[in-house]
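Residue-level structure breakdown
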Amino acid sequence: MAKKILFNAFDMNCVGHIQQGLWAHPRDQSGRYTDLSYWIDYARRLEAGLFDGIFMADVVGVNDVYGGSNAAALRGAVQVPVNDPMLLVPAMAAVTKHLAFGITANLTYEAPFLFARRMSTLDHLTNGRIGWNIVTGYLDSAAKAIGLDAQAAHDDRYDLADEYMNVVYRLWEESWQDDAIVNDPSRHLYADPQKVHKIRHKGPQYSLDAIHLCEPSPQRAPVLYQAGSSTRGRQFAATHAECVFVNGQKIEGVKAIIDDIRTRATDRGRKPDDIKVFMGATIVTGRTDKEAQEKYEDYRAYVSSEAALVHAAASMGIDFAKYDLDEPIETGKSAAIVSNVEAMTRTAGPQWTKRKLLEQMVLGSRQPPMIGSAEKIADELGKWANEAGVDGFNLSRTVVPECFDDIIESVIPILQDRGLYKTAYSEGPLRQKLFGQPRLPARHIGAGHRRFSPAAE
Ligand SMILES: Cc1cc2nc3c(=O)[nH]c(=O)nc-3n(C[C@H](O)[C@H](O)[C@H](O)COP(=O)(O)O)c2cc1C
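What counts, and where the lines are drawn
Residues numbered from 1 in each chain as written. Predicted model: local features only at pLDDT ≥ 70, side-chain atom pairs only at ≥ 80, totals over all residues. Heavy atoms only, no water. Helix = DSSP H or I, 4+ residues; strand = E, 2+ residues; numbered from the N terminus. Rg over C-alpha atoms; globule rule 2.2 N^0.38 Å. Buried < 20%, exposed > 50% of the residue type's maximum accessible area, 1.4 Å probe, protein only. Contact = heavy atoms within 4.5 Å. Areas by Shrake-Rupley, 256 points an atom, 1.4 Å probe, with all protein chains shown as cover. Near = heavy atom within 4 Å. Polar contact = N/O pair within 3.5 Å; in protein donor to acceptor, adjacent residues only side chain to side chain. Nonpolar A, V, L, I, M, F, W, Y, C, P; charged D, E, K, R; others polar. Phe/Tyr/Trp six-rings, centres within 6.5 Å; stacked < 30°, edge-to-face > 60°.

**Notes on the overall build of the protein chain**
A count of helical and extended segments in the protein chain gives 15 helices and 13 strands. The C-alpha atoms of the protein chain give a radius of gyration of 22 Å, which matches the 23 Å a tight globule of 457 residues would have. Expressed as lengths along the three principal axes of its C-alpha atoms, the size of the protein chain is roughly 70 × 50 × 45 Å. Put simply, the protein chain has 457 residues, and 58% of those count as buried. In the protein chain, the share of contacts with a sequence separation of at least 24, taken over all contacts with a separation of at least 6, comes to 78%. Roughly 18700 Å² of accessible area belongs to the protein chain as shown, and the carbon and sulfur atoms make up 52% of that amount.

See below:
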């Protein structure tokens with residue numbers, strides 16, 4: 001039986017996310033992001049259309065690399081203003097039963113103890129539908145917001161993340177035994193203190209001496225997503241991630257990254273199938289190729305090249321305002337998302353320029369749209385799944401909500417006819433749906449902390 005393709009809607013709690021400028025399209029509704037009914041409708045729509053989840057990006061700083069100022073980002077709504085994505089989850093969960101929530105949270109600026117509690121709370125409230133996209137940030141503006149001069153160096157951020165993971169695993173997996181809850185009103189006994197353990201940790205970055213405040217939730221550790229595929233990023237993914245989010249334009253390049261992460265994971269005692277890979281994709285479709293092309297031309301009229309450069313500058317850590325159109329860009333010093341710089345160099349060659357970058361950002365980002373009839377889109381998605389080993393797609397919004405309606409109405413039925421998309425949800429928490437069990441498998445590093453028998457403190 002052919003493997004089923006997974007779909008997440010890829011969005012952010014803001015006006016301008018990936019495809020910059022499209023919020024200005026008259027049919028786009030992203031400006032309603034402060035209105036809870038917008039997100040409630042959105043969640044209902046995705047679940048009715050059998051989407052697997054909604055994947056929310058997040059940044060805690062401003063994209064102020066371009067021209068050394070936040071002015072263009074504010075003018076063009078380039079991921080600012082931006083609200084907290086976690087707070088949307090309970091409302092969307094209340095009107096759905098299966099839709100999963102992949103929430104990006106930057107671990108650098110929040111104590112693991114508090115963060116672990118918020119994720120456990122969401123895992124309880126969603127009945128096990130929560131995933132965490134583990135990011136370490138790439139903006140100095142975020143570091144400055146919490147009192148630092150600049151963010152830590154690229155690889156050091158991953159070292160910090162390794163220690164952070166160790167602490168949150170212990171809170172989620174080790175602190176409470178499965179049978180710690182007795183809940184016997186006749187004895188006035190809710191939890192057995194012998195079965196709830198303090199986590200004591202003293203490391204270079206974090207110290208802790210506390211029990212986890214939440215009782216075990218359906219998944220315990222949320223499903224772990226990771227995005228970032230520099231060499232250090234891949235090591236991190238191979239160790240921790242259950243779902244990896246990659247970007248890329250050529251099948252060979254993406255396949256090489258996926259194969260490498262899976263090989264590194266096997267070196268760590270995991271199985272290649274323990275990791276699902278989601279590729280970022282943008283789809284513009286219609287009943288015919290012609291209709292899709294016309295839609296694309298219409299969308300394109302609203303793209304903002306300046307806003308696209310603002311986002312690219314921040315994510316690559318390069319101030320494109322300093323370069324003339326045809327001046328080669330100096331790429332060697334990026335301390336931001338190294339994989340984005342590498343992907344651009346792979347596509348455009350080592351001597352790329354601002355002109356080449358702008359030529360790629362046809363719809364407002366470096367993510368090139370797949371344009372065409374639903375059959376054509378289904379062919380393309382199937383090719384990525386077969387040839388690159390991609391399991392699913394994080395589908396960037398263009399003009400919302402019609403971009404997702406188009407996929408639901410035309411692309412999903414064709415994939416279903418081809419046996420490449422589910423026709424109904426399976427039961428259970430997110431990890432159960434993805435990997436067949438609700439908790440981390442025993443071979444995952446996070447499961448190594450579990451206690452199965454009472455232990456003295
Ligand atoms: C496809 C993709 C999506 C990402 N989304 C976010 C995000 O929403 N928020 C964020 O702070 N960092 C995001 N990042 C940044 C990375 O998670 C990571 O913190 C950092 O950029 C290092 O990536 P690298 O290993 O490729 O250098 C994203 C990176 C990629 C490649």
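That was the structure; now back to the text.
**A closer look at the site of the ligand**
Taken together, 20 residues lie around the ligand, and D58, H154, A227, S230 and S339 are the ones closest in. Between S229 and the ligand, the recorded distance is 3.0 Å, taken from a backbone N or O atom to an oxygen atom. The backbone of V338 places a nitrogen or oxygen atom 2.9 Å from an oxygen atom of the ligand. Residue assignment for the shell around the ligand shows that the elements contributing at least two residues are α6 (154-174) and α11 (338-348). Considered class by class, the residues forming the shell around the ligand number nine nonpolar, ten polar and one charged.

**Topic: the packing of aromatic side chains**
A ring pair, where both rings are aromatic, is described by two values, the distance of the centres and the angle of the planes. Within this structure, the stated rule accounts for 20 aromatic pairs. Considering the side-chain rings of F51 and F404, the 5.8 Å spacing of their centres and the 85 degrees angle between planes classify their relative orientation as edge-to-face. Note that F51 is positioned in the loop between α1 (36-48) and β2 (53-57) and F404 in helix α14 (residues 402-417), a separation of 353 residues in sequence. By the burial criterion, F51 is buried, and F404 matches it. When the ring of F55 is compared with that of F245, the centres are 5.3 Å apart and the planes differ by 70 degrees; the resulting orientation is edge-to-face. Here the residue F55 occupies a position in strand β2, and F245 occupies one in strand β10 (residues 243-246), the gap between them amounting to 190 residues.

All quantities given are derived from atomic positions and should not be read as evidence of function.
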